[in-house]
Amino acid sequence: MSAEVAITLTVNGERVSRRVEARRHLIDFLRLDLGLMGSHTGCEHGVCGACTLRVNSRIVRGCLVLAASLDGAVVETIEGVSDSGEIRDLQEAFVARNACQCGYCTPGMLMTAADLLKTNLQPTREDIRDHLSGNYCRCTGYHAIIDAVEMVARRRNGKAVP
Amino acid sequence: MSRVIDSGSVDRPNSYIGKSIPRPNAGKLVQGRGQYVDDVVLPRMVNVAFVRSPHAHARIVNIDAAEALKIPGVVRVFTGADLVPHCSPWVAVLAHLKGMKSAPQRPLPVDRATWVGEAVAAVLGETRAIAEDAAGRVQVDYEPLPAAVDMETALQAGTPVIHPELGDNLCFERVNQSGDVDAAFAAAHKVVEATFHTGRHTGVTLEPRSVLADYNRASGRLTVHMSTQAPHMMQAVLAQHLGIAEGDVRVICTDVGGSYGIKVHVYPDEVAVAAIAKIVGRPVKFIADRFESFATDIHARDHRITGRMAVDAQGRITAIDIDDLTGIGPYSVYPRTSAVEGNQVVGLVGGPYDFPNFRAKTTVVFQNKTPTCQYRAVGHPIAVAVTEGLVDLAAEAVGLDPAEFRRRNVMRDGTYPRTSPAGMKFEGLSHEASLAKLLEMMDYQGLRAEQKRLRAKGIHCGIGLASFIELTNPSPFMYGIGGARISAQDGCTVRIDPDGSVVAASGVTEQGQGTEAMLRQIVAEGVGVPIERVRIITGDTLTTPYGGGTWAGRGTGIGGEAALQAGLAVREAALKVAGAMLQAQPDTLDLINGEIVDRATGAARMPLTELSRIVYFRGDTLPPDLPRELMQTRHFITKQYPFAFTNGVQASWLEVDIDTGLVKLLKHWCVEDCGRVVNPMLVDEQIRGGIVQGIGAALYEECPYSPEGQLMVGSMADYLVPMAAEMPDIEVGHVETPTQESLLGAKGAGEAGTAGAPGAVMNAINDALRPFGAKVFAQPFTPERILEALGKVGRG
């Protein structure tokens, strides 16, 4: 049991006010309090990356951030960046290249891939592999994911994609 | 109708079989808008947290829940004894595995815990956090008992017998032999020998095991949302053990976040959840946390195998002799049993090769560790690593290049059907063509030259090959004949709706491999409609035809054929109606891209939407006796062969740092023959994903135990899985030898990657270490083990 804390924050562009238990993790706050089921709980130890999402423009593990610490924060989840169209090209590439199988890691993987492409416009395959290494995928073996991210990077640079 | 799968002409009209088409259900997944079990929330739902044994073996003296029940929001606490009146025990044996034994198991044990992590009490709370808080306050008094931990000593006098009523810790043993092995070894030119270990590891589905059971007291019906591969099997098991009619149990699996065989088993804690839901009359949810996953998801591949191979002076294999020992935990897992993995090993060793004398023995023993059972490619990675390890040793012994040695020894293409020395029936395989294609893809000679160049610079790279066979399309010979209610047949219902769209419901299930994409392609082509018009239903026992689900490479080969036959039947039914409407013989018409056309000229005669409008709303205008059955169901089961074997060969190219023992994977290749390929992109991704799971076993993944039986893995930070940065690019090629058992001709593709990868990686490491006379045979091939082999560190 723990004390409750009042927070007001922006989630996917909407202002949200709630009282949360001090121990409530961001991933549980999103899933259980707001019904945003797109971010997934994989390990609850900050290892697997399935709950990766964005707080104040930076990617974080939803299972390692306490909701009580987010008063005034801007949170963006897979639902938000889907609706805004921000990562539509990445999503289309993941579908076209079959870079998503069971889909459980995919929202977190996409958030991390989008984060890479914000700062590195011409990533090598090795750059992509390095940046995505905190996001586990047990289905694909990663090759198709690397292909998809590489394809989007090339397209965003106006290059032809083979 | 043969035009439907006229292979090689993928540009024929309205054709989808053989094309790389993206999955229809991927769009929701990339937006986080799928529905996994934990996403389902029901009114008055409560959550379960389990109290789990910290001991490998202990008597449960007393369970005191008083402190737990004081926490606000705690609904109830259940012990094993509380569930006894509500759920009957099970014994996981199969009649055709002769002599197999196991002990009765209950959802929660009544008086004894037999492995670390076994659930001993269930706490029901209004939220998961409350249930977990309360679980920590349940006081369990244990009397620790001596544990049987090491499989090597499981059958020795002095080792505690886990189930005294069984007499000993032996679950199952089998010797599979043909020819005269002893004579062959006596006459051999060379004999090679090694002892292999395949590390105990687990599947690590990113979505943990998840179940939400909802019992309606008024209707007497139980609905279970479950992350499972086999909903009909779960329906049968829950009905039988909870005493509910099978028809009153509905199992739903919408999206499943990874399975790989982990989610095809009956877990006692999940049965407990269903029993508790029936008792309390409220929806009850259980989502395993990651520790629970490591301690209670089935483990696999805990084997020690000694193997010998005899070869003649021409480098021909004359005999293989292996002795396999495997520890499976305290109970055989229900209902597929934990003897199947060892049984597969003794059937699959030596699989690709043509040799006359064979002996393989497996000994399956009980121990106080997490139960093991079937995980992706069941038994194959073990059999392949042993066989291919011996093959490389034999090639070295007779001074042959490993590729040349394989060329001399694989079964010749065009000599099928035939039966292997282990008694496996092969309808048609392509070892020679696959090996030739692989060597070309990887530029084998060029790579050997590169290896030599790098050696001169002190860089030690290795090439490892692994040929394999893979069992797919299982018949009732796998489980049904042993008495398990596990369907080997599968069905598909296809219907045309009034708007001309098509809905297909299938008994095979989707866990991300692309089952629904495969079905959609086949049904669209079978019926003759644009693929966008087809919707697929899977994963619901109430609305799909009875079937087995997806495991052992059966989705496309079995479920796909049923879908093809049902689609063709619907087309035929539609043409019958069209014939009446157009006053033409049905066989002069065809249905292509949603249009009734003249078969001869292709000229459009009528849109399908007009036909369906008439059938559903103006049936009065059709001849009264005309059948208008726009919904058809077909089932398929293999008949001639117990299994449809596939084959293939993999190669690994890697570098070993001889100072640190670290392995760097540089490239991996696979040529695979799964018969007809329905969607090349999806098949390639199955192969790649499977390979990486095999690489995980070879290099990283292990569930180690202390001598007392304490599991030494507590979180994902302790258990290494392959990450993106460590994995190589993987090139995949195909040879297609369709099965003649079906019109579609497809075999399974999901497990071949996992089957071959550990053997290929092992052989590549040993190839890199060759100048140092060092070899490793114990997976995972950690830096420590490699340095030990190099004599650079002592054995720990």
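In what follows, the accompanying structure is described. Nothing here was measured: the structure is a model prediction, and the numbers come from that model.

What counts and how
- Residues numbered from 1 in each chain as written.
- Chains lettered and ligands numbered in written order.
- Predicted model: local features only at pLDDT ≥ 70, side-chain atom pairs only at ≥ 80, totals over all residues.
- Helix = DSSP H or I, 4+ residues; strand = E, 2+ residues; numbered from the N terminus.
- Rg over C-alpha atoms; globule rule 2.2 N^0.38 Å.
- Buried ≥ 20, exposed ≤ 12 C-beta atoms within 10 Å, placed from the backbone.
- Contact = placed C-beta atoms within 7 Å.
- Pairing = 2+ DSSP bridges.
- Axes fitted to C-alpha atoms, helices over the stretch in contact; angles between N-to-C directions.
- Expected span 1.5 Å × (residues − 1).
- Right-handed = clockwise from strand over helix to strand, strands pointing away.
- Nonpolar A, V, L, I, M, F, W, Y, C, P; charged D, E, K, R; others polar.
- Core = buried A, V, L, I, M, F, W, Y, C linked by C-beta atoms within 7 Å.
- Parallel < 35°, antiparallel > 145°, perpendicular 65-115°, else oblique.
- Left-handed = near helix turned anticlockwise from the far one by under 90°.

So, on to the overall build of chain A. Across its full length, chain A holds six helices and five strands. Starting at the N terminus and walking to the C terminus, you meet the elements of chain A as β-β-α-β-β-β-α-α-α-α-α. Taking 2.2 N^0.38 as the reference for a compact globule, 162 residues should give roughly 15 Å; the C-alpha atoms of chain A span a radius of gyration of 16 Å, in line with that estimate. Over its C-alpha atoms, taken along the principal directions, chain A stretches across nearly 55 × 30 × 20 Å. For chain A, buried positions account for 57% of its 162 residues. Of all intrachain contacts in chain A linking residues separated by at least 6 positions in sequence, the fraction that spans at least 24 positions is 57%.

In this section: the sheet that holds strand E16 (residues 317-327) of chain B. Residue and element names in this part refer to chain B. The strand order across the open sheet built from five strands is E7-E17-E16-E15-E8, with neighbouring strands paired in mixed fashion. Sheet topology places strand E7 (170-178) and strand E8 (190-198) at the edges, where each strand pairs with a single neighbour. For this sheet, the mean angle separating the axes of adjacent strands, direction not counted, is 5 degrees. Examined bridge by bridge, E7 and strand E17 (residues 357-365) share eight bridges and lie antiparallel to one another. Bridge pairing in E17 places Arg-174 opposite Thr-362. Relative to E17, helix H9 (residues 340-348) is tilted by about 170 degrees, and along the sheet it contacts E7, E16 and E17.

Attention shifts here to helix H4 (residues 106-119) of chain A. Side chains of residues three or four places apart in an α-helix project in the same direction, reflecting 3.6 residues per turn. In a regular helix each residue adds 1.5 Å, so 14 residues correspond to 20 Å; H4 of chain A covers 20 Å between its end C-alpha atoms and thus fits that length. Of the positions making up H4 of chain A, those classed as buried are Thr-106, Pro-107, Gly-108, Met-109, Leu-110, Met-111, Thr-112, Ala-113 and Ala-114 of chain A.

All names here are of chain B. Read from one edge to the other, the open sheet built from three strands follows the order E4-E2-E6, with strand pairing classed as antiparallel. In this open sheet, the two strands that pair with only one neighbour each are strand E4 (112-113) and strand E6 (139-144). Two strands pair when backbone bridges link them, and strand E2 (residues 58-64) and E4 are joined in this way by two bridges, in the antiparallel orientation. Counted as the bridge partner of Arg-59 is Arg-112 from E4.

Residue and element names in this part refer to chain B. Burial along strand E30 (residues 730-734) is one-sided: the residues Ile-730, Val-732 and His-734 are buried and none of Glu-731 and Gly-733 is. Looking at chain direction, strand E29 (residues 663-673) and E30 are connected through five bridges and run parallel. Counterpart to Trp-669 in the pairing with E30 is Glu-731. Taken together, E29, helix H17 (residues 680-699) and E30 constitute a β-α-β crossover, and its handedness is right-handed.

Another aspect to go through is the environment of Glu-246 of chain B. Residue and element names in this part refer to chain B. With respect to the element layout, Glu-246 can be found in the loop between helix H6 (231-242) and strand E12 (249-252). Given 14 C-beta atoms within 10 Å, Glu-246 falls into the partly exposed group. The spacing of Glu-246 and Ala-129 is 117 residues in sequence and 34 Å in space, taken between C-alpha atoms. When neighbours within four sequence positions are excluded, Glu-246 is seen to be in contact with Gln-235, Ala-236 and Ala-239.

Attention now goes to the interface of chain B and chain A. In this assembly, 42 residues from chain B lie in contact with 41 residues from chain A. Counting only elements with at least two residues in the side of chain B that touches chain A, the list comes to helix H1 (26-30) and H17 of chain B. For the side of chain B that touches chain A, the leading source of residues is H17 of chain B, giving seven residues. Looking at the side of chain B that touches chain A residue by residue, the classes come out as 20 nonpolar, twelve polar and ten charged.

A word on the nonpolar core. Grouped together as the largest cluster of nonpolar side chains are 313 residues, with contacts concentrated most on Val-48, Ala-121, Ala-122, Val-123, Val-138, Ala-574 and Ile-765 of chain B. Per-element tally for this core: the top contributor is helix H15 (residues 555-582) of chain B, with twelve residues.

All names here are of chain B. Tracing the chain through its elements places Pro-164 in the loop between E6 and E7. A residue is classified by how many C-beta atoms lie within 10 Å of it, and Pro-164, with 9 of them, is exposed. Pro-164 sits 61 residues away from Ala-103 along the chain, and the two C-alpha atoms are 9.6 Å apart.

With 13 residues, helix H7 (residues 268-280) of chain B extends 18 Å between its outermost C-alpha atoms, agreeing within 8% with the 18 Å of an ideal straight helix rising 1.5 Å per residue. Most of H7 of chain B is tucked away: eleven of the 13 residues are buried.

Let's shift gears to the environment of Leu-769 of chain B. Residue and element names in this part refer to chain B. Checked against the element boundaries, Leu-769 lands in the loop between helix H18 (752-768) and helix H19 (783-789). A residue is classified by how many C-beta atoms lie within 10 Å of it, and Leu-769, with 19 of them, is partly exposed. Between the alpha carbons of Leu-769 and Glu-655 there is a distance of 9.7 Å; along the sequence they are 114 residues apart. Discounting residues that sit within four places of it in the chain, Leu-769 has contacts with Val-656, Ala-774, Lys-775, Ala-789 and Leu-790.

The next point concerns the packing of helix H14 (residues 515-527) of chain B against H15 of chain B. Residues and elements named next belong to chain B. Their axes nearest at 7 Å, the elements H14 and H15 cross at an angle of 30 degrees. In terms of their interaxial angle, H14 and H15 are classed as roughly parallel. Crossing of H14 over H15 shows right-handed handedness. Facing H14, whose interface residues are Thr-515, Met-518, Leu-519, Ile-522, Val-523, Gly-526 and Val-527, H15 presents Gly-555, Thr-556, Gly-559, Gly-560, Ala-563, Leu-564, Gly-567, Leu-568, Val-570 and Arg-571. Residue classes in the contact of H14 with H15 are distributed as nine nonpolar, seven polar and one charged.

Residue and element names in this part refer to chain B. With their axes 8 Å apart at the nearest point, H9 and helix H10 (residues 380-398) run at an angle of 35 degrees to one another. For the crossing formed where H9 meets H10, the hand is right-handed. Listed contacts from H10 to Gln-344, Val-345 and Leu-348 of H9 are His-380, Ile-382 and Ala-383. Its residues assigned to classes, the contact of H9 with H10 shows four nonpolar, two polar and no charged.

Quick look at unusual backbone geometry now. Excluding glycine, most residues fall at negative phi; most peptide bonds, likewise, are trans. Residues and elements named next belong to chain B. Note that the residue after Tyr-334, namely Pro-335, is joined by a cis bond; omega there is -15 degrees. In this chain, Gln-779 is followed by Pro-780 through a cis amide linkage whose omega measures -5 degrees. One can find Pro-780 in the loop between H18 and H19. A positive phi angle is found at Val-204, which is not glycine, with a value near 50 degrees. Overall, the presence of 24 C-beta atoms within 10 Å leaves Val-204 in the buried class.

Read these as geometric descriptors, not functional statements.
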